[in-house]
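Close look at the chain arrangement
The residues making up each chain are set out below.
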Amino acid sequence: MGRIIALANQKGGVGKTTSCANVGGALAERGYDVLLMDMDARGDLTSYFGINTETLEATVYEGLFGESGGLSDVVIAVEQTNRRRKKGRLELAPADIDLAGAALLLANMEFGERQEIVKEALEEVGESYDFVLLDLPPGLEMLSVAVLGAVDEIIVPQQCSFLALHGLRQITDNIERVQEINAGLQICGILLTMHDRRTVHHREVIRMVRQAFGQLVFETVVPQTIRFQDAAIAHQTIMEYDPNSEAAKAYGAVAQEVVERG
Ligand SMILES: Nc1ncnc2c1ncn2[C@@H]1O[C@H](COP(=O)(O)OP(=O)(O)OP(=O)(O)O)[C@@H](O)[C@H]1O
Ligand SMILES: [Mg+2]
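What you see is a predicted model; the values in this text were computed from it and never measured. (Residues numbered from 1 in each chain as written. Chains lettered and ligands numbered in written order. Predicted model: local features only at pLDDT ≥ 70, side-chain atom pairs only at ≥ 80, totals over all residues. Heavy atoms only, no water.)

1. Looking at the sheet that holds strand β4 (residues 90-93)
Hydrogen bonding along the main chain pairs the strands of a sheet, whether they run parallel or antiparallel. In spatial order, the strands read β3-β4-β2-β5-β1-β6-β7; together these seven strands make up an open sheet with mixed pairing. Both edges of this open sheet fall to β3 (76-77) and β7 (186-193), since each of them pairs with a single strand only. In this structure, strand β1 (residues 3-7) lies alongside strand β5 (residues 131-135), joined through five bridges in parallel fashion. Across the sheet, residue A6 finds its bridge partner in β5, namely L134. (Pairing = 2+ DSSP bridges. Helix = DSSP H or I, 4+ residues; strand = E, 2+ residues; numbered from the N terminus.)

2. Digging into the nonpolar core
Ranked by internal contacts, the top residues of the largest apolar core, which has 51 residues, are M37, L122, L134 and L143. Ignoring sequence-local partners within four residues, the contact set of L122 consists of M1, I4, M37, L71, V132, L134, A150 and V151. L7, F131, I155 and L191 belong to the second-largest nonpolar core, a separate cluster that totals 34 residues. (Core = buried A, V, L, I, M, F, W, Y, C linked by side-chain atoms within 4.5 Å. Buried < 20%, exposed > 50% of the residue type's maximum accessible area, 1.4 Å probe, protein only. Contact = heavy atoms within 4.5 Å.)

3. Focus: the layout of surface pockets
Looking at the largest pocket, its volume works out to about 450 Å³. Looking at the largest pocket, it is lined by 26 residues, and the ones nearest its centre are G13, V14, G15, T18 and M194. Contributions of two or more residues to the lining of the largest pocket are made by α1 (16-29), α2 (44-48) and α9 (227-233). Of the residues belonging to the lining of the largest pocket, the class tally is twelve nonpolar, nine polar and five charged. (1 Å grid on protein atoms, 1.4 Å probe; cavity = no way out; pocket = protein on both sides within 12 Å on 5 of 7 lines; lining within 4 Å. Points joined across faces, edges and corners; volume = space filled by probe spheres on them. Nonpolar A, V, L, I, M, F, W, Y, C, P; charged D, E, K, R; others polar.)

4. Things to note about the pattern of salt bridges
Taken as a whole and judged by the stated rule, the model has eleven salt bridges. D230 serves as the salt-bridge partner of R227, at 3.7 Å between the closest nitrogen and oxygen. Residue R227 and its partner D230 are both found in helix α9; the two are separated by three residues, about one turn of the helix. Taking relative accessible area as the criterion, R227 reaches 31% and is therefore assigned partly exposed. Bridged by salt links that share partners, the residues D33, R89 and E91 form one connected network. (Salt bridge = Lys/Arg side-chain N within 4 Å of Asp/Glu carboxyl O.)

5. Quick look at the packing of helix α7 (residues 162-181) against helix α8 (residues 200-213)
Packed helix pairs are characterised by how far apart their axes lie and by the angle those axes make with each other. It is at 10 Å that the axes of α7 and α8 come closest, and there the two elements cross at 20°. By the angle class used here, α7 and α8 are roughly parallel. Every pair of crossing elements has a handedness; the one defined by α7 and α8 is right-handed. Residues F162, L165, L168, R169 and T172 of α7 touch α8, and the partners they reach there are H201, E204, V205, M208, V209, A212 and F213. (Axes fitted to C-alpha atoms, helices over the stretch in contact; angles between N-to-C directions. Parallel < 35°, antiparallel > 145°, perpendicular 65-115°, else oblique. Left-handed = near helix turned anticlockwise from the far one by under 90°.)

6. Focus: the state of the cysteines
For the coordinates displayed, the defined rule picks out zero disulfides. Here C20 stays unpaired: no disulfide links it, and the sulfur of C188, its closest cysteine neighbor, is 12 Å away. C20 gets classed as buried once you look at its relative accessible area, which sits at 0%. Free of any disulfide, C160 has its nearest neighbouring cysteine sulfur in C188, separated by 18 Å. (Disulfide = S-S within 2.5 Å.)

7. Section: unusual backbone geometry
Here M194, not a glycine, exhibits a phi torsion of approximately 55°, which is positive. Here M194 lies in the loop between β7 and α8. Phi is positive for H235, close to 55°, though the residue is something other than glycine. The exposure class of H235 is partly exposed, given its relative accessible area of 35%.

8. Observations regarding the site of ligand 1
Neighbouring residues of ligand 1: 17 residues in total, closest K16, T17, T18, R42 and P223. In the environment of ligand 1, a nitrogen atom lies 3.0 Å from a nitrogen or oxygen atom belonging to the backbone of T225. In the complex, 81% of the free accessible area of ligand 1, which totals 630 Å², lies under the protein chains. Cavity membership is defined here by more than half of the atoms lying within 2 Å of grid points; on that basis ligand 1 lies in the largest pocket. The biggest single contributor to the shell around ligand 1 is α1, with three residues. Taken together, the residues that form the shell around ligand 1 break down as six nonpolar, eight polar and three charged. (Near = heavy atom within 4 Å. Polar contact = N/O pair within 3.5 Å; in protein donor to acceptor, adjacent residues only side chain to side chain. Areas by Shrake-Rupley, 256 points an atom, 1.4 Å probe, with all protein chains shown as cover. Sits in = over half its atoms within 2 Å of the grid points.)

Structure representation (structure tokens):
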């Protein structure tokens, strides 16, 4: 059974989707079989890899709530261009606006039932991968809460800004609440992103986050660089787009830490 990890932070624009794509890509580069699940009805992770859901028969919505099949029926392979070394599989369960309908569907269910649907679906696909990474939208929608109730671990991406510190405290409070319903939920780590080394304020935020959260914070901090936007436009992971960059090395190191924290 693979490790099932959600990337979650209620705050928007902190690097959840970028980290999902790139931690996943880096794990696949290390030879692990990885499934990325887009749990955001805006389909940002799906667009990151240049997939047009209009040409697909089914998305994660059908995989979770459809009558037939399951998630394994909606999974597609992510093209990897730079096959530098032997890689594991990198696959995607894509999402589009259909996923917004999940809220209505779930609203008519009991909490335990919602969580059970997601858990069963994840257990089914979890058998076929070493890692399943779920990209959650910002906020705490009903589907996200069900996902947090069903996964084993979460990674909390967080940008290096003072404003973000408040959001971090909120998410750890919420994790404690989710742990009341999913006692096994572990924080794999808090991942600091968008670090600008020239900025004193960023260094101060890193220091404060480490002081507050200690070992929960990944050693590796992801640098701020326009290369991430460029990589997304090229529909590539940063390791493919700019393999020797500091940014690519950072996500490689994060993937290594994720492996070690298992
Ligand atoms: N380390 C980084 N350096 C510079 N830009 C980054 C970095 N990480 C992400 N970005 C950019 O910041 C923007 C937000 O990132 P991303 O979409 O990953 O955040 P998110 O948390 O998934 O957002 P949302 O909450 O809207 O889903 C994107 O344009 C992305 O390319
Ligand atoms: Mg996102």
